[in-house]
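Residue-level structural notes
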Amino acid sequence: MCGIVGYIGPKPAAPLMVEGLSKLEYRGYDSAGIAILEDHQIEIIKRKGRLAELVSALEAQDLTGKVGIGHTRWATHGKPSHENAHPHYDCSKSFAVVHNGIIENYQEIKKKLIAEGHKFISETDTEVLAHLVEKHYKGDLLQTVHHVIGLIDGAYAMAVIAKDEPERIVCVRKDSPLVVGLGEGENFLASDIPAILKHTRKVFLLEDGEVATITKDVVEVYQKGEKIDKELFKVTWDAEAAEKGGYPHFMLKEIFEQPRALRATFKGRLNNGAVTLDEMRDIKGLDKINKVYFVACGTAYHAGLVGKDVVENLARIPAEADIASEFRYRDPIIDDKTLVVVISQSGETADTLAAMREAQNKGAQVLAVTNVVGSSVSREADLVIYTWAGPEIAVASTKAYLTQLAAMYLFGLFLAQERGILTPKQTSEITKALRELPGHVETVLEQAGKVERLAHEWAKRENAFFIGRGLDWAVAQEGSLKLKEISYIHAEAYAAGELKHGTLALITEGIPVVALATQGRIYDKTISNIKEVKARGAHVTGLVFEGVDISETVDEVIAIPNTIPLLAPILSVVPLQLLAYYAAIARDSDVDKPRNLAKSVTVE
Ligand code: AGP
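Residues numbered from 1 in each chain as written. Predicted model: local features only at pLDDT ≥ 70, side-chain atom pairs only at ≥ 80, totals over all residues. Heavy atoms only, no water.

This brings us to the side chain of Q447. Locating Q447 in the fold gives a position in the loop between α14 (424–445) and α15 (448–458). Looking at Q447, its side chain comes within polar contact range of the main-chain oxygen of A559, at 2.6 Å. Every residue in contact with Q447, bar those within four places of it in the chain, is listed here: I558 and A559. (Helix = DSSP H or I, 4+ residues; strand = E, 2+ residues; numbered from the N terminus. Polar contact = N/O pair within 3.5 Å; in protein donor to acceptor, adjacent residues only side chain to side chain. Contact = heavy atoms within 4.5 Å.)

Shown next, in the form of structure tokens:
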């Protein structure tokens, strides 16, 4: 996610901007910049790359201005580049804007502004904000910002300075976080508390729709144009905890960010009961595609397992899921009617990149599903669907995986819709259920305490099993990997129907087993498999939809909100993420940086 900082007070703003941005580096970024206001002029210095690039550029400057805004950019619209870095000027360099989020209607706004003579430099959605402020400014920046936010759709945290109003910064928050730090004779602005914690622990946490005007002595907050009395929030966290938003680990923060990540990934793609995937407009021979391969590694591969079922179920196209390091050497059968979907959070995984190139060499069209704009897979693939999970810091993938699943559903539904396999009514039912998922995930997260208690029992064990059939088996594999990679408990994910062909021999008294049973049409079969392991002494936790009474058959029950069985993976994986997390905590593992592992495996 992008990072925003701002300062107004008696000190030079530039060094404070850089210091604040350095505290936001954990959010991930690909460029950085600041705008400093002095002598009624706005000076913008920005650079592609790391913050160090900006720092060395600033060494050549003598910026003493005491009002400034700054930004670290996590590219969404427009590749990482100097031109696309924030802040952005208007035509007359009378204003500077920084922004975190997505302006959904920026293209139509940009077209109109260009027709009115505005000159754009970047590919970003953000730049339209600077020109809108320029167009509508009539001498009051606060009033102008109120007017401009009425013209834009989307998610935004935005800060603006005006050369003719050197005594204030105006900012607004909608869906992207923004806090105002209150100092003595100085005030601060940031996307997140860590950036200002060194200077103040008194903050206003802006809520959606709130606009703030900040001078060095006074902060006023408005909601729907009316000034409000804002409650002061006293920060008690230390700096490290602040980066984690008060959570003890990035992994737990990212697990709880999943509803927001899902909403961000679905935003603008589920309209009027249909799927809108502009990214797929250049797909070739959509009606001739007769094979889809999902190719990835680790957790991303587990998303591909779900993708396979989704595409076969909805679009009725033969599909396979392949581990990238296997796919690339098995001489896969590929031609120009093959679509290969590579899935990669980082977009830099060596095996996945190699598999993608192998597929392209054999004539396949390649779609990349990735969380990083400008990553290698996004640059080399023919098509890209971005997940909008925001930077994922913990090595163990959670919110990126969940948004990969969201992308699988969007993609499968798109294929079915475009090939006329589903009626508009069927598509509408599924899109309605997809829109409900973020709220359902929030409901599942409310069971964290129950899962934590279960995890404390699991933490005492050295082996565990995850079993299920169909999509439940796909999720079982992700649950097993989560547990292994952070708690170091050995776990097996097994197709429930396959246990009796050998692995049942490993089921001993008290061994913990999670049995996923969300797929109604094979529920009875799974119940039989649960009885098999129960009969041999396993301690079984059943994972079912609310209202399914499995309590007589298992020892513990985790219930997830009802949804279309095809969509169950998005809900059933969340308790398994929590189970792994709490088991790892109970075993004093290094949850965010587990032994032997890297966040992005860029070597084969
Ligand atoms: C996820 O929990 C693991 N850390 C790992 O399996 C990861 O999913 C895999 O390395 C693929 O990474 P990518 O999505 O960045 O390609």
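Anyway, onward from the coordinates.
Of all five residues making up strand β25 (residues 512–516), five are buried, and the element is well covered by its neighbours. The two faces of β25 match: P512, V514 and L516 on one face and V513 and A515 on the other face are all buried. Pairing of strand β23 (residues 463–468) with β25 involves three bridges; the strand directions are parallel. By the bridge assignment, I467 is partnered in β25 with A515. Of the strand pairs in this sheet, β25 and strand β26 (residues 539–545) are connected by five bridges, and their pairing is parallel. Bridge pairing in β26 links P512 to H539. The handedness of the β25 to β26 crossover, carried by helix α17 (residues 523–534), is right-handed. (Buried < 20%, exposed > 50% of the residue type's maximum accessible area, 1.4 Å probe, protein only. Pairing = 2+ DSSP bridges. Right-handed = clockwise from strand over helix to strand, strands pointing away.)

Overall, the coordinates contain eight aromatic pairs when judged by the stated rule. Between Y293 and F327, the ring centres sit 5.3 Å apart and the planes meet at 65°, which makes this aromatic pair edge-to-face. Highlighted residues: Y293 in strand β18 (residues 291–296) and F327 in helix α10 (residues 324–327), separated in sequence by 34 residues. F327 shares its class with Y293; the two are buried. When the centroid spacing of 6.3 Å and the interplanar angle of 80° are considered together, the rings of F294 and F411 count as edge-to-face. (Phe/Tyr/Trp six-rings, centres within 6.5 Å; stacked < 30°, edge-to-face > 60°.)

Residue P87 is bonded to the preceding H86 through a cis peptide linkage, with omega at 0°. Along the chain, the position of P87 falls in the loop between β4 (67–73) and β5 (88–89). Phi angles above zero are rare outside glycine, and D331 is one such case at about 50°. Note on D331: relative accessible area 53%, which makes it exposed.

Moving on: helix α16 (residues 471–487). Between the first and last C-alpha of α16 there are 24 Å, a value that for 17 residues agrees with the 24 Å anticipated at 1.5 Å per step. With 14 of its 17 residues buried, α16 lies for the most part within the structure. (Expected span 1.5 Å × (residues − 1).)

Attention now goes to the pairing of strand β3 (residues 41–48). Note that strand β2 (residues 31–38) and β3 share eight bridges and pair antiparallel. From the neighbouring strand, I34 faces β3, where its bridge partner is I45. Count of turn residues in the β2/β3 antiparallel hairpin: two residues, of which D39 carries a positive phi of about 50°.

Every buried residue of helix α8 (residues 258–266) is accounted for by Q258, P259, A261, L262, T265 and F266. Take α8 and look down its axis: the buried residues cluster within an arc of 165°, on one side only. Contact partners of the buried residues in α8: α7 (250–256), β16 (270–271), α13 (399–418), α14 and α18 (568–586). Looking one or two residues past α8, G268 carries a phi angle of roughly 75°, positive in sign. (Arc of directions from axis to C-beta.)

Okay, the site of the ligand next. Neighbouring the ligand are 14 residues, the closest being S344, Q345, S346, T349 and E485. The contact in question runs from a nitrogen atom of the ligand to an N or O atom on the backbone of V395, over 2.9 Å. One of the backbone N or O atoms of S397 is found 2.8 Å from an oxygen atom in the ligand. Within the complex, the protein chains bury 91% of what would otherwise be the 410 Å² of accessible surface of the ligand. Secondary-structure elements contributing two or more residues to the shell around the ligand are α9 (298–315) and α16. Looking at the shell around the ligand residue by residue, the class counts come to five nonpolar, seven polar and two charged. (Near = heavy atom within 4 Å. Areas by Shrake-Rupley, 256 points an atom, 1.4 Å probe, with all protein chains shown as cover. Nonpolar A, V, L, I, M, F, W, Y, C, P; charged D, E, K, R; others polar.)

On the secondary structure map, G209 appears in the loop between β11 (202–205) and β12 (210–214). Among the residues examined, G209 registers a relative accessible area of 26% and is labelled partly exposed. Sequence-wise, G209 and K224 are 15 residues apart; in three dimensions their C-alpha atoms are separated by 7.0 Å. Setting aside its immediate chain neighbours within four residues, G209 contacts R173, K174, Y222, Q223 and K224.

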